[in-house]
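Tertiary structure, described
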Amino acid sequence: GTGPQPGREDRGVRWGWNTGRRGQHGFTLVELVCVLVILGIVGAIATQRFIDVRSSAHKAVVAGTAAAFGSALELVHSLCIIRNFAGQDNLAGYGADNVDFNTTCYPTDTTGNANVIGNNNARCLRVWNAILFAAPTITTAASGADYRARANNQVCTYRYLRDTSTTREFTYDSRNGLIVVTNPN
């Protein structure tokens, strides 16, 4: 029959794979090793997926920031042209009314007396803060913010500091407004 049989004890459910052995409880060493191997494989796959997700997130942050910077740059550049403000300082009606421009109407500083970026890291930092609203944090130091600003021959390089596994950055050429993104997978 299917129910309890007379004269037999109902021992209940025993845990383990080797339930066919009389009087033994638990798992064998082979069974435990198999489980550990399976968990190791699953852990390795999960770790790789997690790393891929982090890399994708960093890439998206840099791409989004570069796009926002490019949009802000086009807006302030257009305002400079419309107002015939090339080579002048302290554009009224944009940001804190303190953006300075070179002769091609691209922003160069916010100090009121700098119409070239040159090799001045602080000018790149100030352009970033002047044209981006609610911008990610930036510094001229090697750490301590989301991005690091560097200047070289009128070109600002904005390097993303939150991903140390690869170099993610974009450049802004103040001579022509060109933005180039370096953002590997």
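Attention in this report is confined to the structure presented alongside it.

Cut-offs applied
Residues numbered from 1 in each chain as written. Predicted model: local features only at pLDDT ≥ 70, side-chain atom pairs only at ≥ 80, totals over all residues. Heavy atoms only, no water. Helix = DSSP H or I, 4+ residues; strand = E, 2+ residues; numbered from the N terminus. Buried < 20%, exposed > 50% of the residue type's maximum accessible area, 1.4 Å probe, protein only. Contact = heavy atoms within 4.5 Å. Areas by Shrake-Rupley, 256 points an atom, 1.4 Å probe, with all protein chains shown as cover. Phe/Tyr/Trp six-rings, centres within 6.5 Å; stacked < 30°, edge-to-face > 60°. Core = buried A, V, L, I, M, F, W, Y, C linked by side-chain atoms within 4.5 Å. Disulfide = S-S within 2.5 Å.

1. Focus on the overall build of the protein
Check the secondary structure of the protein and you find two helices and seven strands. Taken from the N to the C terminus, the helices and strands of the protein come in the order α-β-β-α-β-β-β-β-β. Counting every position in the protein, which comprises 185 residues, the buried fraction comes to 34%. Long-range contacts, defined as pairs at least 24 residues apart, comprise 36% of the intrachain contacts of the protein with a sequence gap of at least 6. Carbon and sulfur atoms make up 57% of the accessible area of the protein, which amounts to about 11300 Å² in all.

2. Quick notes on unusual backbone geometry
Look at Asp97: it is not a glycine, yet its phi comes out positive at around 60 degrees. Note on placement: Asp97 falls in the loop between helix H1 (29–82) and strand S1 (100–101). Exposure remark for Asp97: the relative accessible area of 40% places this residue in the partly exposed category. Look at Gln154: it is not a glycine, yet its phi comes out positive at around 75 degrees. Looking at the secondary structure, you find Gln154 in the loop between strand S4 (147–152) and strand S5 (155–160).

3. A word on the packing of aromatic side chains
Scanning the model with the defined rule gives twelve aromatic pairs in all. With a centroid separation of 5.2 Å and an interplanar angle of 50 degrees, the aromatic rings of Phe69 and Tyr158 are classed as tilted. In this pair, Phe69 is assigned in helix H1 and Tyr158 in strand S5, connecting sequence segments 89 residues apart. The exposure class assigned to Phe69 is buried, which follows from its relative accessible area of 0%. Between the aromatic rings of Tyr158 and Phe170, the centroid separation amounts to 5.3 Å while the plane-to-plane angle is 40 degrees, which identifies the pairing as tilted. Here Tyr158 is found in strand S5, whereas its partner Phe170 is found in strand S6 (residues 169–173), with twelve residues between them in sequence. Of the two residues, Tyr158 and Phe170, neither departs from the other in class, the shared state being buried. Every member of this aromatic cluster is reached through a ring pair, and the members are Phe69, Trp128, Tyr147, Tyr158, Tyr160, Phe170 and Tyr172.

4. So, the nonpolar core
Counting 32 residues, the largest nonpolar core has Phe69, Tyr94, Trp128, Ile131, Tyr147, Tyr158 and Tyr172 as its most contacted members. Every element with two or more residues in this core is listed here: H1, helix H2 (121–131), S4, S5 and S6. Per-element accounting of this core gives the leading share, eight residues, to H1.

5. Things to note about the state of the cysteines
Applying the stated criterion to the full structure yields two disulfides. With its sulfur 2.1 Å from that of its partner, Cys80 forms a disulfide with Cys105. On the sign convention where negative means left-handed, the S-S torsion of about -70 degrees between Cys80 and Cys105 marks this disulfide as left-handed. Taken together, the residues span a long stretch of sequence, with Cys80 in helix H1 and Cys105 in the loop between S1 and strand S2 (107–109) at a distance of 25 residues. Grouping residues by exposure puts Cys80 and Cys105 together as buried. In this model Cys124 forms its disulfide with Cys156; the gap between the sulfur atoms is 2.0 Å. Note on the Cys124 and Cys156 pair: the S-S dihedral is about -85 degrees, so by sign convention the disulfide is left-handed. In this pair, Cys124 is assigned in helix H2 and Cys156 in strand S5, connecting sequence segments 32 residues apart. Once the disulfide-bonded cysteines of the protein are ranked by sequence position, their pairing pattern turns out to be 1-2, 3-4.

Fair warning: the whole summary comes from geometry, so function is off the table for now.
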